[in-house]
Number of protein chains: 4
Amino acid sequence: MSDLRWKTAITKVEPNKILLRGYRLDELIGRISYGDAIYLALKGELPPGNEGKVIEAILVSVIDHGGSPPSTLAARTIASTGAELSAAVAGGILAISQYHGGAIEECMNVLSEGVAYQHETSAALEDAAEWVVKRYRDRGKRIHGFGHRLHTRDPRTARLFELAATWGVAGRFVAMARAIERALSERLQRPMPINADGAIAALLCELHFEPALADAFFMMARIPGLVAHIHEERSRQKPMRRIHPTDIEYDGPEERPWTGERVE
Amino acid sequence: MSDLRWKTAITKVEPNKILLRGYRLDELIGRISYGDAIYLALKGELPPGNEGKVIEAILVSVIDHGGSPPSTLAARTIASTGAELSAAVAGGILAISQYHGGAIEECMNVLSEGVAYQHETSAALEDAAEWVVKRYRDRGKRIHGFGHRLHTRDPRTARLFELAATWGVAGRFVAMARAIERALSERLQRPMPINADGAIAALLCELHFEPALADAFFMMARIPGLVAHIHEERSRQKPMRRIHPTDIEYDGPEERPWTGERVE
Amino acid sequence: MSDLRWKTAITKVEPNKILLRGYRLDELIGRISYGDAIYLALKGELPPGNEGKVIEAILVSVIDHGGSPPSTLAARTIASTGAELSAAVAGGILAISQYHGGAIEECMNVLSEGVAYQHETSAALEDAAEWVVKRYRDRGKRIHGFGHRLHTRDPRTARLFELAATWGVAGRFVAMARAIERALSERLQRPMPINADGAIAALLCELHFEPALADAFFMMARIPGLVAHIHEERSRQKPMRRIHPTDIEYDGPEERPWTGERVE
Amino acid sequence: MSDLRWKTAITKVEPNKILLRGYRLDELIGRISYGDAIYLALKGELPPGNEGKVIEAILVSVIDHGGSPPSTLAARTIASTGAELSAAVAGGILAISQYHGGAIEECMNVLSEGVAYQHETSAALEDAAEWVVKRYRDRGKRIHGFGHRLHTRDPRTARLFELAATWGVAGRFVAMARAIERALSERLQRPMPINADGAIAALLCELHFEPALADAFFMMARIPGLVAHIHEERSRQKPMRRIHPTDIEYDGPEERPWTGERVE
């Protein structure tokens, strides 16, 4: 034992036994979902209810958004120079920051302020939302998680909230997000719909994750998308290609209905 | 349209509609698992059978391995300097390379060679395994995916192979891995059990993934573990800590049985 | 010309001609030092005096600091996994952040506040230094750039300030650093000598660089050190080594005098 | 002393004394150039002649190449998301790989093969160059370091070789580069001039650096350029900008003559 000995409460590794937060990994494999395992790794406990399902829904909802996001362009640009997969993925991760993915964390803070105000003042939901909107407007700050430069109605939001209701995790934060959406749209006199960032922020608040972990969920979600783009860059394109950030043509399968059975 | 226009077959983004490989994301959310979505993103089609379950089992199996792996140490070292989450995660990703995670890709190549030889020569399984072992020994090359410096019997392997059998995806590659395990242990006169890298390699071969994507699965699996370590580093430790690579004490929950119901 | 056309004032690249800030690169090569070129690249003008020499002195002063800094450990940890040189260097760079290298930027802000106060209030140097020290103490904030966990008298500081005086660039910021050193040591009743970070901060202030660029100088300085460590790791060590953060033995050349002629 | 104790021959750090390869850093600061210090850090000895000058000339020659190189685009893309300076620089570094910067290492190998053949067979220079060109052509491999997609006559090459001659470091490798240039142009019936990568490769060979370190010189050279671009991106552009890879307008100072005195 040295004076640099340190402690960790995440994983215990012994010969022939690996405990994640106290549970044998070999007992968990195949019995819990990856979403459950993420919850366990980050929170220290298995999800008491449908939290793992919510996490998987979040991960699926932002798994990819085409060739234009800066994380995708950074990853493709690095892949195009012949770099290793890990270098290209790392470059994509480095582009997940304040303006790209960061809205989730900022929106979690907004929703938390609103719910805390509501709790402390016993204000009505709508009044608390008004207070939040006014507060940000007065400080000249934008409220992140509402509006989208492309989507006037983010298709992922309705679905995520519908599932949250079904799974019993839609509470005060989802309600606050909806109320701020109304207050903000009213104030700006144009629709300011909750976007995917805002919907994810509300759900992560319902699951009691710290805002400091928000980016992590976006990173976890986006890795498969980044890998798909890196793999396609290597397979379809020449090295050292000049990568246009927007003039991109989709030539994959045309729209096709999902015909499987519901998991939920 | 510019002369730099380029094509992608992964995701089509239109106002209020996002198609992943032709499927509307909002239709997929909550209906397919994250494992299914990874398969869809990387392969272009929804999994025909239990492939998504196999992927989730793989991700859970290597989600974390304590404080000593180089990816964990790199991530904690960077986090300790006060860097952003994305910087610490990227540093961890950069440590996933030839000797850390890379064994999965190398083992996929080994298994593919064995199965190809078996197919081309109509050799018996055991003879093909012998051929593979001799071939690598003759070239003085190590066969990755067998043996472990800590585990004499990797607890994750048995569980992964058991599930693969249950889910109907254990075929020639799993059989080849088992045969090489026997041939190698015989030749070296000591147990050379398939480790988690080898088991994952066999399963990714059964799912017909390219070896070049092997590292990606290890990265996807390990991100939650890296994030948990980065978060713990920030919460429990002082900045600029000298991080000992092995003198680590686990002080999390003691071993506890998993008592939930089986998902499978 | 597209609507995404953008402008840069750094480098003009034409067939057979490359202009850096208006100067032909081929005219500059061999005529200006790398320190001059850094000044030109970042400031847009050639140094009017000895600024290029100051920059080179800064770069030499922090080119390496042994095996223990987190940037070095991150780089070696990543190199040890068999990763490419660029991955290991990038990992080292990612560890240059708030607590590692970041003191230069923070100290530049401290010195700038002191000099601005002195200028605005016509206060005596010592009074301005007292004001700065009190201001930070009152807010419970540390003043970075003073004191060192190892060096009671940082050998690089005296030399850098001596050169700055010789080269005519030691002005109000160096004086302020010295005055804060006195005020801080007095207040804490123990020596709080200006360390290399503080000395570099003072010189970069004298050269009118923005504090936001401070980290860049530390990065530029440290890359050769990182590369030397990565190269040594690959040459002398086995892959996947457990890298102790402090138990390091130096076995290079013993102390030897520099006997060359002075460049200055 | 632990069983993880390890050795390094680069830097010895003691209280109030830092030895780089045996020399006190405070004695070196201001007396040797940054180029000399790079040589010392990487080689372990001070340059016996003008090697430090050659290194500085190399660093100046590729300090920047406008907005289009992938390292620049990766760095700007990441900076545009609001990431820290270190993240953007690391992203740029990760794009320095096989096809971007990697030509220097490949050309060093080509020149080394040619010089070794010449030495072993006592062949005439031209015959050795012919042998090299034929050897690569026969294997269907490109010889890197010759030709440029923009420059028909790379302005940096002539200057670097002129300086190398003046400084007494132009020997067999520079001669081999020139001979291969002639042989290649003859064989392809079009000019295949040595580009900056090729010229740098020849000079690094003359300085007896290992090809494995070639990328390091490109990284060291390019950091100030990357930093200038990142700083300009932050100062002049809005966050989350779509960054066109080629439609870039230079609006810096027009061409202006360098009127300083020669350093050499």
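Every value quoted in this text rests on a predicted model; they were computed, and no experiment measured them.

The interface is formed by 109 residues belonging to chain C together with 109 residues belonging to chain D. Taking both partners together, chain C and chain D bury about 10300 Å²; carbon and sulfur atoms supply 63% of that area. Taken as a group, Trp-6, Arg-31 and Tyr-34 of chain C account for 9% of the area that chain C buries against chain D, more than any other trio of residues on that side. Between the two partners, chain C and chain D, sit 12 salt bridges. Glu-254 of chain D is the salt-bridge partner of Lys-12 of chain C, the closest N and O atoms lying 3.6 Å from each other. The interface formed by chain C and chain D contains 52 residue pairs in polar contact (both at pLDDT 80 or more). Considering each element in turn, the side of chain C that touches chain D owes the most residues, 13 residues, to helix H11 (residues 214-236) of chain C. With 3 bridges joining them, strand E5 (residues 248-250) of chain C and strand E1 (residues 6-8) of chain D adopt parallel strand pairing.

Let us look at the domain arrangement of chain A. Residues and elements named next belong to chain A. Domain boundaries assigned for chain A yield domain 1 (11-48) and domain 2 (49-243). The centre of domain 1, based on its C-alpha atoms, is set 27 Å off from the matching centre of domain 2. For the pairing of domain 1 and domain 2, the buried interface totals around 900 Å² over both sides, and the portion due to carbon and sulfur atoms is 70%. Per-residue buried area on domain 1 facing domain 2 is highest for Ile-38, Leu-42 and Lys-43; these three make up 45% of the total on that side. At the surface where domain 1 touches domain 2, the tally comes to 0 salt bridges. There are 5 residue pairs in polar contact (both at pLDDT 80 or more) connecting domain 1 and domain 2. Partitioned by chemical class, the residues of the side of domain 1 that touches domain 2 number 6 nonpolar, 2 polar and 2 charged.

This part is about the relation of the copies chain C and chain D. Between chain C and chain D, which share one sequence, the superposing operator has a rotation angle of 180 degrees and an axial displacement of 0.0 Å; the RMSD is 0.0 Å. The relationship between the two copies is best expressed as a two-fold rotation axis. By C-alpha distance to the rotation axis, the residue of chain C lying nearest is Ala-90 of chain C, at 2.3 Å. When the interface residues of chain C are mapped onto chain D, 100% of them again fall at the interface, so both copies present the same face.

Another point: the packing of aromatic side chains. Throughout the structure, instances matching the rule amount to 14 aromatic pairs over all chains. Both rings, one in Phe-209 of chain A and one in Phe-217 of chain A, keep their centres 4.8 Å apart while their planes meet at 65 degrees; by these two values the pair is edge-to-face. A centroid spacing of 5.8 Å and a plane angle of 80 degrees characterise the contact between Tyr-39 of chain B and Phe-209 of chain B, whose relative ring orientation is edge-to-face. Placement of Tyr-39 of chain B in helix H2 (residues 34-43) and of Phe-209 of chain B in the loop between helix H10 (196-206) and helix H11 (214-236) is noted, with a sequence separation of 170 residues between them. For Tyr-39 of chain B, a relative accessible area of 8% puts it in the buried group. Three or more aromatic residues link up through ring pairs in this structure, and these residues are Tyr-39, Phe-209 and Phe-217 of chain A. Seen from the ring of Trp-6 of chain A, Arg-241 of chain B lies directly overhead, with NZ or CZ sitting 4.5 Å from the centre. Over the ring of Phe-209 of chain D we find Lys-43 of chain D; its NZ or CZ atom is 4.7 Å from the centre of that ring.

Glancing now at the sheet that holds strand E2 (residues 11-14) of chain B. All names here are of chain B. Taken in spatial order, the 3 strands of this open sheet run E2-E3-E4, and their pairing is antiparallel. At either end of the open sheet lies a strand with only one pairing partner, and these are E2 and strand E4 (23-24). Two strands pair when backbone bridges link them, and strand E3 (residues 17-20) and E4 are joined in this way by 2 bridges, in the antiparallel orientation. What sits directly across from Leu-19, in E4, is Arg-24.

Ranked by size, the top nonpolar core spans 361 residues in total, and within it Leu-111 of chain A, Leu-111 and Phe-209 of chain B, Leu-111 and Phe-209 of chain C together with Leu-111 of chain D carry the most contacts. The contacts of Leu-111 of chain D, once residues within four sequence positions are left out, are Phe-173, Met-176, Ala-177, Ile-180, Gly-198, Ala-201, Ala-202 and Cys-205 of chain D.

Overall, the coordinates contain 4 cavities of 30 Å³ or more when judged by the stated rule. If you add up the space inside the largest cavity, you get close to 250 Å³. Taken together, the residues of the lining of the largest cavity sort by class into 10 nonpolar, 6 polar and 6 charged. What the second largest cavity holds in volume is close to 170 Å³. The wall of the second largest cavity is formed by 15 residues, among which Leu-73 and Pro-245 of chain B together with Thr-77, Arg-241 and Ile-243 of chain C lie closest to the centre.

Now for the side chain of Arg-76 of chain D. Topologically, Arg-76 of chain D is positioned in helix H4 (residues 70-79). Apart from the residues within four sequence positions on either side, Arg-76 of chain D is in contact with Trp-6, Thr-8 and Ile-10 of chain C together with His-229, Glu-232, Glu-233, Arg-241 and Ile-243 of chain D.

A separate point is the relation of the copies chain B and chain D. These two copies of the chain differ by a rotation about an axis and a displacement along the same axis. Rotating chain B by 180 degrees and moving it 0.0 Å along the rotation axis overlays it on chain D with an RMSD of 0.0 Å. Here 100% of the interface residues in chain B have copies in chain D that are interface residues too; the copies meet face to matching face.

This next bit is on the sheet that holds strand E2 (residues 11-14) of chain D. The strand order across the open sheet formed by 3 strands is E2-E3-E4 (chain D), and the pairing between neighbours is antiparallel. Of all strands in the sheet, those bounded by a partner on one side alone are E2 and strand E4 (23-24) of chain D.

Moving on: the interface of chain B and chain D. With 7 residues of chain B in contact, the opposing surface of chain D contributes 7 residues. For the pair chain B and chain D, the summed buried surface comes to about 490 Å²; carbon and sulfur atoms form 70% of the total. For the chain B face of the interface with chain D, the top three residues by lost area are Leu-4, Glu-84 and Leu-94 of chain B, together amounting to 63%. The interface formed by chain B and chain D holds 0 salt bridges in total. A per-class count over the side of chain B that touches chain D returns 4 nonpolar, 2 polar and 1 charged.

Another point: the environment of Met-176 of chain B. Residue and element names in this part refer to chain B. One can find Met-176 in helix H9 (residues 172-188). Judged by its relative accessible area of 0%, Met-176 falls in the buried class. Among residues more than four places away in sequence, those in contact with Met-176 are Leu-111, Gly-114, Val-115, Gln-118, Leu-125, Ala-128 and Ala-129.

A word on the side chain of Asp-197 of chain B. By the secondary structure assignment, Asp-197 of chain B is in helix H10. The side chain of Asp-197 of chain B is buried and forms no salt bridge, while Arg-156 of chain B, the nearest opposite charge, is found at 6.7 Å.

Before going further, it helps to examine unusual backbone geometry. For residues that are not glycine, phi is negative in most cases, and the peptide bond is trans in most cases. In this structure, Arg-21 of chain A takes a positive phi of about 50 degrees despite not being glycine. You can see Arg-21 of chain A is positioned in the loop between strand E3 (17-20) and strand E4 (23-24).

Turning our attention to the pattern of salt bridges. Taken as a whole and assessed by the stated rule, the structure comprises 84 salt bridges over all chains. With its nearest N and O atoms 2.6 Å apart, the salt bridge here joins Arg-241 of chain A to Glu-233 of chain A. For Glu-233 of chain A, a relative accessible area of 2% corresponds to the buried category. Its salt-bridge partner being Glu-162 of chain C, residue Arg-159 of chain C comes within 3.1 Å of it at the nearest N-O pair. Here Arg-159 of chain C and its partner Glu-162 of chain C are both found in helix H8 (residues 155-166), 3 residues apart, which amounts to about one turn of the helix. For Glu-162 of chain C, a relative accessible area of 42% translates into the label partly exposed. When salt bridges that share partners are traced, they join Lys-12, Glu-14, Lys-17, Arg-24 and Asp-26 of chain A together with Glu-254 and Glu-255 of chain B into one network.

Procedures and definitions
Residues numbered from 1 in each chain as written. Chains lettered and ligands numbered in written order. Predicted model: local features only at pLDDT ≥ 70, side-chain atom pairs only at ≥ 80, totals over all residues. Heavy atoms only, no water. Contact = heavy atoms within 4.5 Å. Buried area = accessible area lost by both parts, 1.4 Å probe. Salt bridge = Lys/Arg side-chain N within 4 Å of Asp/Glu carboxyl O. Polar contact = N/O pair within 3.5 Å; in protein donor to acceptor, adjacent residues only side chain to side chain. Helix = DSSP H or I, 4+ residues; strand = E, 2+ residues; numbered from the N terminus. Pairing = 2+ DSSP bridges. Domains from an automatic or database assignment. Nonpolar A, V, L, I, M, F, W, Y, C, P; charged D, E, K, R; others polar. Least-squares fit on C-alpha atoms with pLDDT ≥ 70 in both. Phe/Tyr/Trp six-rings, centres within 6.5 Å; stacked < 30°, edge-to-face > 60°. Buried < 20%, exposed > 50% of the residue type's maximum accessible area, 1.4 Å probe, protein only. Lys NZ or Arg CZ within 6 Å of the ring centre and 35° of its normal. Core = buried A, V, L, I, M, F, W, Y, C linked by side-chain atoms within 4.5 Å. 1 Å grid on protein atoms, 1.4 Å probe; cavity = no way out; pocket = protein on both sides within 12 Å on 5 of 7 lines; lining within 4 Å. Points joined across faces, edges and corners; volume = space filled by probe spheres on them. Lys, Arg positive; Asp, Glu negative; His and termini not counted.

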